[in-house]
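Residue-level structural notes
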Amino acid sequence: MSSIQDKINNTKTFAIISHPDAGKTTLTEKLLLFGGAIQVAGAVKSNKIKKTTISDFLEIEKQRGISVTTSVMNFKYNGMNINLLDTPGHKDFAEDTYRTLTAVESVILVIDCVKGVEEQTEKLMNVCRMRNTPVIIFINKLDREGKNPFELLDEIEEKLDIKVKPLSWPVGIGSGFKGVYNIYENTFNFFKSNKQKVEKDVEVFNDINDERLSVVLGDSTEKLKKDLDLVNGVYGDFDVNEYLSGVVAPVYFGSALNNFGVKELLDSFISIAPNPRGRETTAGIINSDDENFSGFVFKIHANLNPKHRDRIAFLRVCSGKFERNKFYHHVRLDRDIKFPNPAVFMASDKKLIEEAYPGEVIGLYDSGIFKIGDTLTEGEKFMFKGIPTFSPEIFKELRLNDPFKAKQMDKGIIHLTDEGLAQVFIQYNGNRKIVGTVGELQFDVIQYRLQNEYGVDCKFSPVNYHKACWILYDKEEEIQELLTYRSHNLFTDKHKNLVFMSESPYQIEKAIMNNPKAKFLFNIEHNIDTIEEK
Ligand code: G4P
C-alpha cells in the first residue's frame, strides 16, 4: 500500500476560474476528456454540461438552469490523481467561488482574448492573491478576432497586478490563427480544429528554424521570431518558484472549443502545479504529510432531499488519512463524531468511500452540525485559517409576512447563512435583520427556500447600505462615537462581531476618522473569533 507521502506526490487539487462566458465549462470538459473521465465532448453546449450535469441537485438550480453550486471532479492523467473543484458559473454566487479557492492549491484562470480582463476576473484574482495561490493563465478563443497578445499581457499585468510569463505564443489570431509556439518545449503546434475527440497527432515542429515551419507559416515565420525575441527580452526566464509563490503567472494561448492548446496546458499543469501543501491553522502550519488526519469544511450543500433538509458538508482533507467510521474531533463543537457514509461526488453521482487523503474532497452527511470553516482533527484543538468572508455587495431587509413565524424565520435564515448562501446582520440592540449577498439571485433563492423548507412567508425590502465593515476594538471607549451617534448603523454578524453598515464611502471614512483606535475591515476570516468563543 502506498504511503500518505506517495498519495500527496500524486495529487493535484485545483479550480478553474473565469468571468462568465470566457470558456471555463468548455475547458473543464476538454480536461475531463483528456483524463478519460468522459469519452466524447459532443460539443459542450449541446449537452449543456454546465446546466444539467455538474450540480443539478438543488431544485432551484434546476428551475433556473444556473449552475449555482460547487462540485468536485476527479480524473487521472499521466498517473496523476487530479481533483478539479468546479465553481458556480453565475457571478451572483461568487462568494461560493471565493471559499472554494481556499480548498485548492492552484488555479487555472481563463481569459477571453476578445474581451480581455473582465470584472469578475479581477475579483477572483484578488482572492487568489490573499493566499498567494499559484495561477496559470489560459488565454482562450484564439480562433476569434481578439486583442493583440502583447496588449492582452499588459492588460493582465496591470489589472490583475501579477507578473506574466508566456510559455506559448500565438501566430495570428481569429481567421488568421495558425497555431501556437510552445516556448517551454520549443515546438510549434499547427492549429487544427477538433471539437469532438481528444487530438492525438498534433503537428509538431522541433525548432523555430525547421524548414517545414516557414513553408507552413510563410511570412508569419519572421514575425514569430521577432515576437519571441521581444517576449524573451521583456518577460525573461520562467522561474517555477515565482509561479509557486504566486508572483508570476505562466500564460498559455489556445482555443478550448477546438481542443487546441489544452493538452499543452494540462501537461504544464501536471509538471509545475503544486501538490497538496501545508496549511495555516490557529496552532501554526499543519503539513500535508502530517500523520494525523485534519480537514476543514469549505462548502455546505443543502437540499439533497428537500423533505429532509439534508445537507452535505464538503470537507477538504488537509493532512493524514480520513477513514470511514472512525471518530474525529469537531473542534468548534468540542465533540467526537464518526461518519458512516462519507462520499465522493462527481456531478450528481456519489460513491461511498472508505478512506481519503490530502488534497481530496469528501462529502459528509450533515444534520446541521457544520458551518463553513469547521475543522475536524484527530483530537487536536486547532482550526484552519484563511476562509474569508467579504462585505456583501447588495443588502436587503428581511421581513415577515406572517408575524407568527418569527422563530422559524430566525432558524431558517441562520441555517441558510451557515451554508454560506448569504450573510445576515442583526441590529445592535435591536431585531432588524439585514441580509447581504453578492447578487440579486440569492434573495430569490432565500425567499424560495424559506418558504419551501421552513414554511416562512417573507419578503425583502430595499435598504440603503453599500458596505459592511467589521470593527475590531478592545474597549467600548474606542467606539464611543459610533455608539453615541451612529448606533443605527451598528449590527452584529452571526459570530457576534460588531459590523458598521455604511450608507456611503464617505460615512466609512468619517467613522474611521472619528474612531481612530478601532480597526475597520472589509473582509474577515472565519475562525479567528470562533476558536476564542469556546
Ligand atoms: P463559462 O463556463 O466560462 O461561462 O463559458 P463556456 O465554456 O460556457 O463558454 C461560453 C461560450 O464561449 C460558449 O458559446 C462556448 O462554446 C464558447 N467558447 C468556449 N471556448 C471557445 C473557443 O475557444 N472559441 C470560440 N469561438 N468559442 C468558445 P455559447 O454561444 O454560449 O454556447 P454554444 O452556442 O456554443 O453552445
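Definitions and limits used
Residues numbered from 1 in each chain as written. Predicted model: local features only at pLDDT ≥ 70, side-chain atom pairs only at ≥ 80, totals over all residues. Heavy atoms only, no water. Pairing = 2+ DSSP bridges. Helix = DSSP H or I, 4+ residues; strand = E, 2+ residues; numbered from the N terminus. Axes fitted to C-alpha atoms, helices over the stretch in contact; angles between N-to-C directions. Contact = heavy atoms within 4.5 Å. Parallel < 35°, antiparallel > 145°, perpendicular 65-115°, else oblique. Nonpolar A, V, L, I, M, F, W, Y, C, P; charged D, E, K, R; others polar. Salt bridge = Lys/Arg side-chain N within 4 Å of Asp/Glu carboxyl O. Buried < 20%, exposed > 50% of the residue type's maximum accessible area, 1.4 Å probe, protein only.

**Quick notes on the sheet that holds strand β28 (residues 458-462)**
Read across the open sheet, the eight strands follow the order β28-β25-β27-β26-β30-β31-β29-β32; overall the sheet is antiparallel. Of all the strands in the sheet, just β28 and β32 (519-521) have a single pairing partner and so form its edges. The average angle at which neighbouring strand axes cross in this sheet is 40 degrees, direction not considered. Pairing between strand β26 (residues 423-427) and strand β27 (residues 433-437): four bridges, direction antiparallel. Counterpart to V424 in the pairing with β27 is V435. Strands β25 (394-400), β27 and β28 of the sheet are contacted by helix α14 (residues 441-454), whose axis makes an angle of about 155 degrees with β28.

**Side note on the packing of helix α2 (residues 24-34) against helix α12 (residues 262-272)**
When two helices pack together, their arrangement is given by the angle between the helix axes and the distance between those axes. One way to put it is that α2 packs onto α12 with a least axis distance of 10 Å and a crossing angle of 70 degrees. Between α2 and α12, the interaxial angle falls into the category roughly perpendicular. In contact with L27, K30, L31 and F34 of α2, α12 contributes V262, K263, L265 and L266. For the contact of α2 with α12, the class distribution of residues is six nonpolar, no polar and two charged.

**Details of the environment of V234**
Tracing the chain through its elements places V234 in helix α10 (residues 220-235). For the pair formed by V234 and K165, sequence separation is 69 residues and the distance between their alpha carbons is 9.1 Å.

**Quick notes on the pattern of salt bridges**
For the structure on display, the rule yields 23 salt bridges. One salt bridge connects K326 with E323, and the closest N-O pair in it is separated by 3.8 Å. With a relative accessible area of 32%, K326 lands in the partly exposed category. Among the charged side chains, a network of salt bridges with common partners joins E105, R279 and R316.

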